[in-house]
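Notes for the structure review
Below are the chains, spelled out letter by letter.
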Amino acid sequence: MKRFDGRVAIVTGAAQGIGKAVALRLGQEGALVVAADINGKGAEATAREIGGKSFGIATDIGDPASVTALHKAAIDKGGKLDITVNVAAIVPFVAWDALTFEEWRRIMRVNVDGLFLMCRASSDLMRKGGYGRIVNFCSNSIFAGTPNMAHYVASKGAVLTFTRALATELGGYKITVNSIAPGLTDTEGVQKTDHKNAFEFVEMLQAIKGRGTPDDIVPAVAFLASEEAHWVTGQCLAVDAGMVRW
Ligand code: 4PL
């Protein structure tokens, strides 16, 4: 018997990085994974690696119709929804002097509006099932005030506080809502930006030295997504080798 046998899980951002690693782990531990990503081909590739009934689907979490289609696909093929892990986000590197309102909105549309749309649709399905685990992705940058991403830091502050509020709203339905706050993590996405040059700096602040990888983040996500985590809700867990403490 595996931890997620019989569970149906949506994972967004599943084409690469932390989202892909989460999708693979939930799949390995028995879940039917709906791998969602703006990169549909990448999401399908992740689902193929998992095998079984898991499938991939192109999803823009900032688009209400796309989020509706994702949830309809989950129900059509899985029959219910037990777990949603919201990893999808834009991780920008933009100096303050270059930060326009258009760029601010681009990040808010996905990182905040997209999280709302996902939680709205997922929790409506979970309420019907009388069970649910929602795991959102915060970031330890909200504590550090990490440079060159003021809009991202603001968006992740919203993830922390929205997660707290949603835990209250959904507690009566036995749905838990928690967030994970990784530190800088070595992913395809990070390697594409100048954040890749910050590893030495963050390592200096970590209690445990080394460079964080997606596999370092996954076990904490799996715990919060598991049945036995039922007494933990509204929390944010930093998974960053001790760079920040709260
Ligand atoms: C400390 O979430 O938390 C860079 C890029 N540095 O996205 C992040 C730190 C980045 C972070 C993050």
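Refer to the preceding data block for the structure.
Reference entry: report on the structure contained in this document. These numbers were taken from a predicted model, which means no experiment stands behind them.

**Considerations on the overall build of the chain**
- Looking only at helices and strands, the chain features nine helices and seven strands.
- A globule of 246 residues ought to have a C-alpha radius of gyration of about 18 Å, and the chain, at 17 Å, matches this closely.
- Oriented by its inertia axes, the alpha-carbon framework of the chain measures out at about 50 × 40 × 35 Å.
- Counting across all 246 residues of the chain, residues that qualify as buried make up 52%.
- A separation threshold of at least 6 residues defines the contact pool for the chain, and within that pool the share at least 24 residues apart is 70%.
- Working note: accessible area of the chain is about 11,400 Å², and carbon and sulfur atoms make up 56% of it.
- Looking at charge distribution, the chain has the averaged site of its 26 positive side-chain charges lying 5 Å from that of its 25 negative ones.

**Some details on the packing of helix H1 (residues 17–28) against helix H2 (residues 40–50)**
- Between H1 and H2, whose axes approach to 9 Å, the crossing angle comes to 25°. The pairing of H1 with H2 is recorded here as roughly parallel in orientation. In this structure, H1 crosses over H2, and the sense of that crossing is right-handed. Residues Lys-20, Ala-23, Leu-24 and Gly-27 of H1 pack against Thr-46, Glu-49 and Ile-50 of H2.
- Residue composition of the contact of H1 with H2, grouped by class: three nonpolar, two polar and two charged.

**Notes on the packing of aromatic side chains**
- Following the criterion strictly, the structure yields one aromatic pair and no others.
- Here the aromatic rings of Phe-143 and Trp-246 are separated by 5.6 Å at their centres, their planes lie at 45°, and the arrangement is tilted. With a gap of 103 residues between them, Phe-143 in helix H5 (residues 141–144) and Trp-246 in the segment after strand E7 (236–239) connect regions that are remote in the sequence.
- Positioned above the aromatic ring of Tyr-131 is the side chain of Arg-7, whose terminal nitrogen or guanidinium carbon lies 3.9 Å from the ring centre.
- Positioned above the aromatic ring of Phe-55, the side-chain terminus of Lys-77 is 4.4 Å from the ring centre.

**Brief notes about the site of the ligand**
- Close to the ligand lie Val-91, Ser-139, Asn-140, Ser-141, Thr-146, Met-149, Tyr-152, Pro-182, Gly-183, Leu-184, His-195 and Met-243, which account for all nearby residues.
- Contact between the ligand and Ser-139: an oxygen atom at 2.8 Å from a side-chain N or O atom of the residue.
- Protein contacts shield 93% of the accessible area of the ligand, which totals 300 Å² for the unbound molecule.
- Here the ligand is seated within the largest pocket.
- Partitioning the shell around the ligand into residue classes produces six nonpolar, six polar and no charged.

**Structural notes on a nonpolar patch on the surface**
- A surface patch of nonpolar side chains, about 320 Å² in accessible area, is lined by Phe-201, Met-204 and Leu-205.
- If you trace the backbone, Phe-201 turns up in helix H8 (residues 199–205).

**Quick notes on the layout of surface pockets**
- By volume, the largest pocket is sized at about 1,200 Å³.
- Forming the boundary of the largest pocket are 50 residues, of which Ala-89, Ile-90, Val-91, Tyr-152 and Val-190 lie nearest the centre.
- A per-class count over the lining of the largest pocket returns 26 nonpolar, 18 polar and six charged.

**What to know about the nonpolar core**
- If you look at the biggest cluster of nonpolar residues, it comprises 32 residues, and the most contacted ones within it are Ile-10, Val-34, Ile-57, Leu-70, Ile-134 and Val-177.
- Of all the secondary-structure elements, those providing two or more residues to this core are strand E1 (8–12), strand E2 (32–37), strand E3 (55–58), helix H3 (64–78), helix H4 (101–129), helix H6 (150–170) and strand E6 (175–182).
- The dominant element in this core, judged by the number of residues it contributes, is H4, at eight residues.
- When sequence neighbours within four positions are dropped, the list of residues in contact with Val-177 reads Ile-134, Asn-136, Thr-163, Leu-166, Ala-167, Leu-170, Thr-233, Gly-234 and Gln-235.
- Residues Ile-18, Ala-35, Val-85 and Ala-225 belong to the second largest nonpolar core, which totals 28 residues.

What counts, and at which threshold
- Residues numbered from 1 in each chain as written.
- Predicted model: local features only at pLDDT ≥ 70, side-chain atom pairs only at ≥ 80, totals over all residues.
- Heavy atoms only, no water.
- Helix = DSSP H or I, 4+ residues; strand = E, 2+ residues; numbered from the N terminus.
- Rg over C-alpha atoms; globule rule 2.2 N^0.38 Å.
- Buried < 20%, exposed > 50% of the residue type's maximum accessible area, 1.4 Å probe, protein only.
- Contact = heavy atoms within 4.5 Å.
- Areas by Shrake-Rupley, 256 points an atom, 1.4 Å probe, with all protein chains shown as cover.
- Lys, Arg positive; Asp, Glu negative; His and termini not counted.
- Charge placed at Lys NZ, Arg CZ, Asp CG, Glu CD.
- Axes fitted to C-alpha atoms, helices over the stretch in contact; angles between N-to-C directions.
- Parallel < 35°, antiparallel > 145°, perpendicular 65-115°, else oblique.
- Left-handed = near helix turned anticlockwise from the far one by under 90°.
- Nonpolar A, V, L, I, M, F, W, Y, C, P; charged D, E, K, R; others polar.
- Phe/Tyr/Trp six-rings, centres within 6.5 Å; stacked < 30°, edge-to-face > 60°.
- Lys NZ or Arg CZ within 6 Å of the ring centre and 35° of its normal.
- Near = heavy atom within 4 Å.
- Polar contact = N/O pair within 3.5 Å; in protein donor to acceptor, adjacent residues only side chain to side chain.
- 1 Å grid on protein atoms, 1.4 Å probe; cavity = no way out; pocket = protein on both sides within 12 Å on 5 of 7 lines; lining within 4 Å.
- Sits in = over half its atoms within 2 Å of the grid points.
- Patch = residues over 30% accessible without salt bridge, like charges linked within 9 Å, V, L, I, M, F, W, Y side chains within 5 Å.
- Salt bridge = Lys/Arg side-chain N within 4 Å of Asp/Glu carboxyl O.
- Points joined across faces, edges and corners; volume = space filled by probe spheres on them.
- Core = buried A, V, L, I, M, F, W, Y, C linked by side-chain atoms within 4.5 Å.

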